[in-house]
Amino acid sequence: MTEKHVICKNCIMVEGFLGIEINEDQLCNFCADPNHVNPNWSKKRMSVEQKKEGLENWNKTVRAMQRAHDGKHYDCIIGYSGGKDSTALVDTFINEYQLNPLLITIDTGFMTDVAKENMKETLTKMDLFENHLMIEEPIPTFTKLYHYFFFSHNSHEKSLTVDVCHKCTDLIHTIAYKEALNRNIPYVIIGFSPDQIARYFYETSTEHIIMDGTPIPAFQTFLGEEDKQSFLSLEEIEKMSDFAPRVLYPYHVIDYDEHEIINRLESKGLIRKGKGDPVLTNCHVVKAALLHDFYRYGGITYALQYAELVRQEDDPERHNQSRKSWLRMYKQIGKRILDGTFNVEGMEAFFANLGITKEELLQRIEEKRHADPNEFQILQNIERIRTNKLR
Ligand SMILES: [Zn+2]
């Protein structure tokens, strides 16, 4: 008996994972209907017009920065993670735009060594240590945030990875934003790729900056005075009515070519060959959350975002290639989670910090999964990875 195809033939979404269904044309909800909304992913549909407007605004903004540039002040803040996208932004700002950015890295306590090495290499090569600010003080606050999400997560529909990533990103961006606000730097530039449009396109409005900069009520009770320093204070919010730095995502509107970025960075020696892979540079928290979601929901949450990259590839050949390689990665990550070889050291450090063992976490997941009406399909999808039958 041949098993039915459970993977979307256009992208890499899998039937039964986080509410995804594959129809008789073998298409997932997102590929069958571009307006489909899922609690974990919805595509912000951007018209050509909106993209064009964004690009015009971006070109104007760069010119405004160049005009205001005096060599003494920072022209903008770049959120610098050590990943390929933010590294390429740094290169563009320095070498193409001839601007003077302040690079801010927020250490959440769980950055990977690869990201740190990439960073050191770039800063050395470009002689940028003076422009770099590493912020480590909020590490305990990040730990509390992760603890809160890993222990309070309780949903049959919503992935932990998506939740924890959004809230962690909000905190990272808020901390960078506070620097801009307090140093009177008018722009915060974030290297989100074109697929990272689940919430914002090109710019975050002031209203959303304030919302994201305020802890959610359920989490507030866990915060001490020290932790509150990492969120926007009332004075800062007040200051924003006079001076509100803009938060911009230029890759949403300028040409973004992943291969060009990797080639450029490797040829300039800013990232070592093969080290620009997001799976290597993404933090340990994401990986622990991926492990959680894999056992809890039966799939790799990365797929939501990577499927978007596949869909955005217009050229049929490249579309096919991209689909193949992300699918290969999907299966590999699943296998490695099952083998217990997925990011072992980082994962152990993370769980130790949370005060839980992997076994305890798996135990909790099993109980929750058992109460999930979709349990059978979840276990089936895990089994398909284990036995190489996912197709
Ligand atoms: Zn699809």
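It should be emphasised that the depicted structure is a prediction, and the values quoted were computed from it without experimental measurement. (Residues numbered from 1 in each chain as written. Predicted model: local features only at pLDDT ≥ 70, side-chain atom pairs only at ≥ 80, totals over all residues.)

Asks: Give a description of the nonpolar core that names residues and reports values.
Replies: In terms of nonpolar packing, the biggest core is built from 101 residues, with I12, M13, C76, I77, V188 and V285 touching the most fellow members. For this core, the leading source of residues is helix α6 (residues 160-183), giving twelve residues. No fewer than three residues from each of domain 1 (29-38 + 284-385) and domain 2 (48-267) sit in this core. The residues contacting I77, other than those within four sequence positions of it, are P101, L102, I104, A176, E179, A180, I185, Y187, V188 and I189. (Core = buried A, V, L, I, M, F, W, Y, C linked by C-beta atoms within 7 Å. Buried ≥ 20, exposed ≤ 12 C-beta atoms within 10 Å, placed from the backbone. Helix = DSSP H or I, 4+ residues; strand = E, 2+ residues; numbered from the N terminus. Domains from an automatic or database assignment. Contact = placed C-beta atoms within 7 Å.)

Asks: Give me the lowdown on the sheet that holds strand β8 (residues 246-248), citing residues and values where you can.
Replies: What the six strands build is an open sheet, ordered β5-β4-β3-β6-β8-β7; its pairing is mixed. Either end of the sheet is taken by a strand with one partner, and the two such strands are β5 (132-135) and β7 (203-204). Where strand β4 (residues 101-106) meets β5, four bridges bridge the pair, whose relative direction is parallel. In the sheet register, I104 faces β5, and the bridge partner there is L133. Seen against the sheet, helix α3 (residues 84-96) touches β3 (76-79), β4 and β6 (187-189) and runs at an angle of roughly 155° to β3. (Pairing = 2+ DSSP bridges. Axes fitted to C-alpha atoms, helices over the stretch in contact; angles between N-to-C directions.)

Asks: Give a description of the packing of α6 against helix α13 (residues 284-297) that names residues and reports values.
Replies: α13 packs onto α6 with a crossing angle of 155° between their chain directions and a minimal axis gap of 8 Å. Classified by the interaxial angle, the pair formed by α6 and α13 is roughly antiparallel. Here L160, T161, V164, C165 and C168 of α6 come into contact with α13, specifically with V285, V286, A289, L290, H292 and D293. Partitioning the contact of α6 with α13 into residue classes produces eight nonpolar, two polar and one charged. (Parallel < 35°, antiparallel > 145°, perpendicular 65-115°, else oblique. Nonpolar A, V, L, I, M, F, W, Y, C, P; charged D, E, K, R; others polar.)

Asks: Please set out the packing of α13 against helix α17 (residues 358-370) residue by residue, giving values where relevant.
Replies: Relative orientation of the contacting elements α13 and α17 amounts to 35°, with a least axis distance of 9 Å. In the crossing of α13 with α17, the sense of the turn from one axis to the other is right-handed. Contacts from H292, Y295 and R296 of α13 reach α17 at L361, L362, I365, K368 and R369. Residues belonging to the contact of α13 with α17 are distributed by class as follows: four nonpolar, one polar and three charged. (Left-handed = near helix turned anticlockwise from the far one by under 90°.)

Asks: Any chance you could break down the domain arrangement of the protein chain for me, citing the residues and the numbers?
Replies: Interfaces are often described in size by the accessible area the parts lose on coming together. Domain parsing of the protein chain yields domain 1 (29-38 + 284-385) and domain 2 (48-267). With 20 residues of domain 1 at the interface, the matching set in domain 2 holds 18 residues. Put simply, the parts of the chain that give the side of domain 1 that touches domain 2 at least two residues each are α13, α14 (302-312) and α16 (344-354). The element best represented in the side of domain 1 that touches domain 2 is α13, accounting for eight residues. Residues that form the side of domain 1 that touches domain 2 fall into these classes: nine nonpolar, eight polar and three charged.

Asks: Pulling in residues and values, what's your account of the environment of N57?
Replies: Mapping N57 onto the fold places it in helix α2 (residues 48-68). Taking the C-alpha atoms as reference points, N57 and R311, separated by 254 residues in sequence, lie 26 Å from one another.

Asks: For unusual backbone geometry, give the residues involved together with the corresponding values.
Replies: A positive phi angle, near 50°, is found at N343, a position not held by glycine. Inspection of the secondary structure puts N343 in the loop between α15 (316-339) and α16. If you check the backbone angles, N388 has positive phi at about 55° while not being a glycine. Mapped onto the secondary structure, N388 falls in the segment after α18 (375-386).

Asks: Explain helix α4 (residues 113-125) residue by residue, including any values.
Replies: Taking 1.5 Å as the rise per residue, α4 with 13 residues should run 18 Å; its terminal C-alpha atoms sit 18 Å apart, in good agreement. Inspection of α4 places V114, A115, N118, M119, T122 and L123 among the buried residues, and these make up the whole buried set. Within α4, the buried residues cover an arc of 160° as seen down the axis, which keeps them to one side. Looking at α4, the residues exposed on the side facing more than 90 degrees away from the buried face are D113 and T124. (Expected span 1.5 Å × (residues − 1). Arc of directions from axis to C-beta.)

Asks: Please provide a residue-by-residue account of the pairing of β4, values included.
Replies: Across the six residues of β4, six count as buried, placing the element largely inside the fold. Alternating residues of β4 divide into P101, L103 and T105 and L102, I104 and I106, and every residue in both groups is buried. Note: β3 against β4, four bridges, orientation parallel. Residue pairing for β4: I78 is matched across the bridge by L103.

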